[in-house]
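Listed below are the residues making up each chain.
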Amino acid sequence: MTDDPTTSHQFGERRTYYNNFAGHLLNAYSPNMTYPGSAHRWSDSDWCACIDMVAGFGYNVFEFWLVPRLFCRQALESDFGREFSRRMNVVCDHAHRCGIQVEFICGLATVGDAWHTYCPNVPSTWDEIRFLWDQWTRNSTGIDIVGISPGDPGACSRNGCTALTYIDKSCEIAERVKHDLPSCEIELHTWGPPFLGWGNYLDINPTTPEYHTRMVELRDLLTALAPAVNHEASLHPAPETYRRELLFFAQLLADLSGPAPDFDALAERYWQRVYSIYDQLGEHVDPRPRHATRSLVDAFRKHSTKPEPVPGKWSE
Ligand SMILES: [Zn+2]
């Protein structure tokens, strides 16, 4: 891929595609990289198709989070951890052929399924953190950039730990990484406590009938576009899958904003399409999938005229 100077000027020299497949963000549209036997596993060829798409969009870095479920001894010693390393090395090789660098980002000291924050000021846990960094660095020989997040997704404030502790300790880890991967670049990230910086939100509030009208228009447009899909376009999943998924959401949002919606049934429809993998995995430490479902439906429920009670269902 050539780096068109116009693209660099408009979008910057480093254009990163970030795929967050962490345990709290699993869904039908994200690869399941850490739970073998559950839904949404991607094959090597799925990954190569995804990288082809990313390259086609003009990105030049593919970034992923080395999630806490992987950043622990249990993962290093298990099949799912070894399979993850193998898969990411395949991705690195294909990305390099496409002119794309690969970056992993990782919290300094957040370990395991429970996202436990190890204290960098306790010698035994600091030794464990250094061991985990060394092992994952050595497993990731194709990596071009290592991003260290001193305080995301959380940090310790015991035993004299401050933000400065986390910066000092991140610098120490950076030196260890450079020792094993001399050509890799180090990024120090600023997202999350103790630095702050989580997202901002913009409220857009058309009336519910206006919104409903637009969603019906979108649904009808997506339906009419079926014969026009370019099946050769380099998209992953395939272009027709994208159209059908967009159509699902247009219909869902039209129904949520329509007259007298059955909100419980619509919440279940959304959950089954997007998040049903959690019915196989149980509760995750981070409740965002369930909150996201409730928030989506409640955003429409609060603007709805109060429906008649449905027999057999609890109502306020
Ligand atoms: Zn501490």
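Rules behind the numbers
Residues numbered from 1 in each chain as written. Predicted model: local features only at pLDDT ≥ 70, side-chain atom pairs only at ≥ 80, totals over all residues. Helix = DSSP H or I, 4+ residues; strand = E, 2+ residues; numbered from the N terminus. Buried ≥ 20, exposed ≤ 12 C-beta atoms within 10 Å, placed from the backbone. Contact = placed C-beta atoms within 7 Å. Pairing = 2+ DSSP bridges. Axes fitted to C-alpha atoms, helices over the stretch in contact; angles between N-to-C directions. Core = buried A, V, L, I, M, F, W, Y, C linked by C-beta atoms within 7 Å. Left-handed = near helix turned anticlockwise from the far one by under 90°. Right-handed = clockwise from strand over helix to strand, strands pointing away. Expected span 1.5 Å × (residues − 1). Parallel < 35°, antiparallel > 145°, perpendicular 65-115°, else oblique. Nonpolar A, V, L, I, M, F, W, Y, C, P; charged D, E, K, R; others polar.

Visitor: How should the overall build of the protein chain be read in this particular structure?
Guide: When helices and strands are counted, the protein chain shows eleven helices and seven strands. Within the protein chain, the fraction of its 316 residues that count as buried is 26%. Considering only contacts within the protein chain whose residues lie at least 6 apart along the sequence, 77% involve residues at least 24 apart.

Visitor: Hey, could you run me through unusual backbone geometry in this one?
Guide: Looking along the chain, the bond that leaves Asp152 and enters Pro153 is cis, with omega of 10 degrees. Position of Pro153 relative to the elements: it lies in the loop between β6 (145-149) and α6 (163-180). With an omega dihedral of 0 degrees, the bond running from His236 to Pro237 counts as a cis peptide bond. Position of Pro237 relative to the elements: it lies in the loop between α7 (208-224) and α8 (239-256). A positive phi angle is found at His40, which is not glycine, with a value near 65 degrees. Among the structural elements, His40 can be located in the loop between β1 (16-19) and α2 (44-56).

Visitor: Whenever I open this one, the sheet that holds strand β7 (residues 185-188) confuses me. Can you help?
Guide: Remark on secondary structure: sheet strands pair via backbone hydrogen bonds, oriented parallel or antiparallel. Read across the sheet, five strands follow the order β1-β2-β3-β6-β7 without closing on themselves; strand pairing throughout is parallel. With partners counted over all chains shown, the strands left at the sheet margins are β1 and β7, one partner each. The average angle at which neighbouring strand axes cross in this sheet is 25 degrees, direction not considered. As defined by bridge partners, strand β2 (residues 61-65) adjoins strand β3 (residues 101-107) across five bridges and the pair is classed as parallel. Looking at β3, one finds that Glu63 is bridged to Glu103.

Visitor: How should I be thinking about the nonpolar core in this particular structure?
Guide: Soluble globular proteins tend to pack their nonpolar side chains together in the buried interior. In this structure, Ile51, Leu66, Phe71 and Ile100 are the most contacted members of the largest nonpolar core, which totals 44 residues. Mapped onto this core, the elements with two or more residues apiece are α2, β2, α4 (79-97), β3, α5 (123-139), β6 and α6. Ignoring anything within four residues of it in the chain, the contact list for Ile100 reads Ile51, Val54, Ala55, Tyr59, Asn60, Val61, Phe62 and Ala95. Met215, Ala250, Leu256 and Leu266 belong to the second-largest nonpolar core, a separate cluster that totals six residues.

Visitor: Explain the packing of helix α9 (residues 263-274) against helix α11 (residues 288-301) to me, please; I cannot follow it from the model alone.
Guide: In a packed pair of helices, the relevant descriptors are the angle between the two axes and the axis-to-axis distance. Two elements in contact, α9 and α11, have axes separated by 10 Å at closest approach and are oriented at 145 degrees. The chirality of how α9 crosses α11 is right-handed. Mapping the contact onto sequence places Phe263, Leu266, Ala267, Tyr270 and Trp271 in α9 and Thr293, Leu296, Val297 and Arg301 in α11.

Visitor: Help me understand the pairing of β3, please; the structure alone is not making it clear to me.
Guide: Sheet faces and side chains relate simply in a regular strand, where the side chains alternate between the two faces. Among the seven residues of β3, seven are classified as buried, and the element is accordingly described as predominantly covered. With burial as the criterion, each face of β3 is covered, one bearing Gln101, Glu103, Ile105 and Gly107 and the other bearing Val102, Phe104 and Cys106. Pairing of β3 with β6, which is carried by five bridges, proceeds in the parallel orientation. If you follow Ile105 over to β6, its bridge partner there is Gly147.

Visitor: Any chance you could explain the pairing of β2 here in plain terms?
Guide: With four bridges connecting them, β1 and β2 associate as parallel partners. Directly across from Thr16, in β2, lies its bridge partner Val61. Taking the sense of rotation as the criterion, the β-α-β connection linking β1, α2 and β2 turns out right-handed.

Visitor: What am I meant to see in α4 here?
Guide: In an α-helix, one turn spans 3.6 residues, which is why side chains three or four residues apart end up on the same side. Here α4 contains 19 residues, and its C-alpha end-to-end distance of 27 Å stays within 8% of the 27 Å for a straight helix at 1.5 Å per residue. Elements that come into contact with the buried residues of α4 comprise α2, β2, α3 (73-76) and β3. Backbone geometry just after α4 places Gly99 at a positive phi near 80 degrees.

Visitor: What should I look at first to understand the environment of Glu240 in this one?
Guide: Counting through the fold element by element, Glu240 comes out in helix α8. In this view, Glu240 contacts Val229 and His231; residues no more than four positions away in its chain are not counted.

Visitor: Please clarify how the packing of α5 against α6 should be interpreted in this entry.
Guide: Remark: α5 packs on α6, axes separated minimally by 10 Å, with the N-to-C direction vectors making an angle of 30 degrees. Relative to α6, α5 is oriented roughly parallel. The interaxial crossing formed by α5 with α6 has right-handed handedness. In this structure, α5 uses Arg130, Trp133, Asp134, Thr137 and Arg138 to contact α6, whose residues at the interface are Ile173, Arg176, Val177 and Asp180. Of the residues that constitute the contact of α5 with α6, the class distribution is three nonpolar, one polar and five charged.

Visitor: It is not clear to me how the environment of Arg214 should be interpreted in this structure. Could you clarify?
Guide: You can see Arg214 is positioned in helix α7. A count of 15 C-beta atoms within 10 Å places Arg214 in the partly exposed class. Through-space distance from the C-alpha of Arg214 to that of Leu253 is 9.6 Å; in sequence the pair is 39 residues apart.

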